[in-house]
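Observations on the model geometry
Each chain, written out:
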Amino acid sequence: MRVIVVNSGSSSIKYQVFALDDCTSLVEGLLERIGTRDARLKHRRLTEAGDWEEFVETRPVADHREGFQFLLEVAARHPAAHATPAGVFGFGHRVVHGGEAFRDPVIIDDEVIRRIKDLIPLAPLHNPSNIVGIEVLRALHPDVPNVAVFDTAFHQSMPPKAFHYALPRELYHQHHVRRYGFHGSSHQVVARAASIHLGLPTSRLNLITLHLGNGASATAVQGGRSIDTSMGLTPLEGLIMGTRCGDLDPAVPFYVSRKTGRPLEEIESILNKESGLKGICGLNDMREIQRRADEGDAEAQLAIEMFCYRIKKYIGAYYAALGRVDAIIFTGGIGENSARVRKESCAGLNGLGIILDDARNEQASSGVVEISSEDSKVKILVIPTDEEREIARQTIETIRRATHKKGHLP
Ligand code: AMP
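These lines cover the structure that appears in this document, whether it is placed above or below. (Residues numbered from 1 in each chain as written. Predicted model: local features only at pLDDT ≥ 70, side-chain atom pairs only at ≥ 80, totals over all residues. Heavy atoms only, no water.)

Some thoughts on the overall build of the protein chain
When its secondary structure is counted, the protein chain shows 15 helices and 14 strands. Compactness check: the protein chain gives a C-alpha radius of gyration of 21 Å against a globular reference of 22 Å for 410 residues, within 12% of the reference. Judged by the C-alpha coordinates and their principal axes, the protein chain covers about 55 × 55 × 45 Å. The buried share of the protein chain, taken over its 410 residues, is 50%. In the protein chain, the proportion of contacts linking residues at least 24 apart, taken out of those at least 6 apart, comes to 62%. As displayed, the protein chain has an accessible area near 18,800 Å², and 51% of this comes from carbon and sulfur atoms. (Helix = DSSP H or I, 4+ residues; strand = E, 2+ residues; numbered from the N terminus. Rg over C-alpha atoms; globule rule 2.2 N^0.38 Å. Buried < 20%, exposed > 50% of the residue type's maximum accessible area, 1.4 Å probe, protein only. Contact = heavy atoms within 4.5 Å. Areas by Shrake-Rupley, 256 points an atom, 1.4 Å probe, with all protein chains shown as cover.)

Right, dumping it as structure tokens:
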């Protein structure tokens, strides 16, 4: 049987099909640029010969619902060719915000959907697209269990001094205003991969994990547990992102509202959708920003400088929080692919024992790669994130546990 993982993001849908028995990836795909006239679907399937066969299609896609229709249609035309029986064991959904309600993955029913919907104000850019994925697949395959795996769960280990805001305490007690953190599966999976690469148990490692994609976050991981992370109540806090501003003086929205007469809802949308790299230089795709910066565009250069400077400040902060750092890990679309961002983020940190090897950094291509110099006290690693396999693993465990409880072992 198969497990299908859906990672429905703000402007993209990633999906991956795994064999239940050994979590081999059979099909994977990415639909990008949802909301544009040239949304692009890259669909790959494992052939019987063990090669990957790729199909690319482009068409206008207005929203996530159209996006799912598009990818399901392509997936039906180009299914996985594999000996594994074709039945679906379960769907695993990445759900961005689980609040304090969800500390573990759960089987999705109407009540769970209702509670995820209640959390939309906390993740306005993400939970709605996560729910679309859940509802489309539940309608198409009502007999297959759906599991929600929450981005916030890994950070539930943060101590109170890290997760509280310095606000009146009733805001926490009555309205759950606190820091939650996101990208949990990604930080967790690269921390585990670093421990395997370094040959040391996670319990003995202090790590700074940097997930740099369209969304971006940094986490201080001590002994395999998150002790602090840059995102907060929502994914808006922390690093500069594709369209999100990250850290900001909390007075800015009120000041802008007073000066422009725009309502706070509009300003919230600006902070989430029109800020970050896009706000600085008009583009949110780091590949294009780098191209423009290379051509001498001053705004694109500033965007990269600000992006990397913010990362560097978080490295310093988490170094202090951890006391000792064994490795810094770069992951996510930008972290895995941009040698320039890695170099600028680590520049000038020699005093902390963080020294990048330029040649290794430029050559890093795929898999786990060490890019620190021999005399760097802190290892610097590039590790591809594997959120989908982690979600598949948790989906399988959750369904098996639930089935076991009911007394029907699969
Ligand atoms: P993600 O959200 O993890 O898929 O990451 C998306 C981001 O990664 C976008 O800003 C892309 O421009 C960026 N990215 C992907 N490939 C590269 C690359 N080769 N160089 C620089 N940035 C890249």
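The rest of the description comes next.
Observations regarding the packing of helix α6 (residues 184-198) against helix α15 (residues 387-405)
Running from N to C, α6 and α15 cross one another at 100 degrees; their axes reach a closest spacing of 9 Å. Classified by the interaxial angle, the pair formed by α6 and α15 is roughly perpendicular. Residues Ser 185, Ser 186, Gln 188, Val 189 and Arg 192 of α6 form the contact with α15, whose participating residues are Glu 387, Glu 390, Ile 391, Arg 393 and Gln 394. For the contact of α6 with α15, the per-class residue count stands at two nonpolar, four polar and four charged. (Axes fitted to C-alpha atoms, helices over the stretch in contact; angles between N-to-C directions. Parallel < 35°, antiparallel > 145°, perpendicular 65-115°, else oblique. Nonpolar A, V, L, I, M, F, W, Y, C, P; charged D, E, K, R; others polar.)

Examining the sheet that holds strand β1 (residues 2-8)
The strand order across the open sheet formed by eight strands is β5-β4-β3-β2-β1-β6-β8-β7, and the pairing between neighbours is mixed. One side of each edge strand has no neighbouring strand; the edge strands of this open sheet are β5 (52-61) and β7 (106-107). The pairing of strand β4 (residues 36-46) with β5 spans nine bridges and is classified as antiparallel. From the neighbouring strand, Leu 46 faces β5, where its bridge partner is Trp 52. In this fold helix α1 (residues 64-77) packs onto β1, β2 (13-19), β3 (25-32), β4 and β5, with an angle of close to 145 degrees to the strand it touches most, β5. (Pairing = 2+ DSSP bridges.)

What to know about the nonpolar core
Side chains of a nonpolar character, in soluble globular proteins, are inclined to be buried together. In terms of nonpolar packing, the biggest core is built from 47 residues, with Leu 210, Leu 212, Ile 289, Phe 307, Ile 328 and Ile 354 touching the most fellow members. Listing elements by their share of this core, those giving two or more residues are β9 (206-212), β10 (216-222), α9 (276-281), α10 (286-294), α11 (298-322), β12 (327-331), α13 (339-346) and β14 (379-382). Per-element accounting of this core gives the leading share, eleven residues, to α11. When sequence neighbours within four positions are dropped, the list of residues in contact with Ile 328 reads Ile 208, Leu 210, Ile 315, Ile 354, Val 378, Lys 379, Ile 380 and Leu 381. If you look at the next biggest cluster of nonpolar residues, it comprises 24 residues, including Ile 4, Tyr 15, Val 17 and Ala 39. (Core = buried A, V, L, I, M, F, W, Y, C linked by side-chain atoms within 4.5 Å.)

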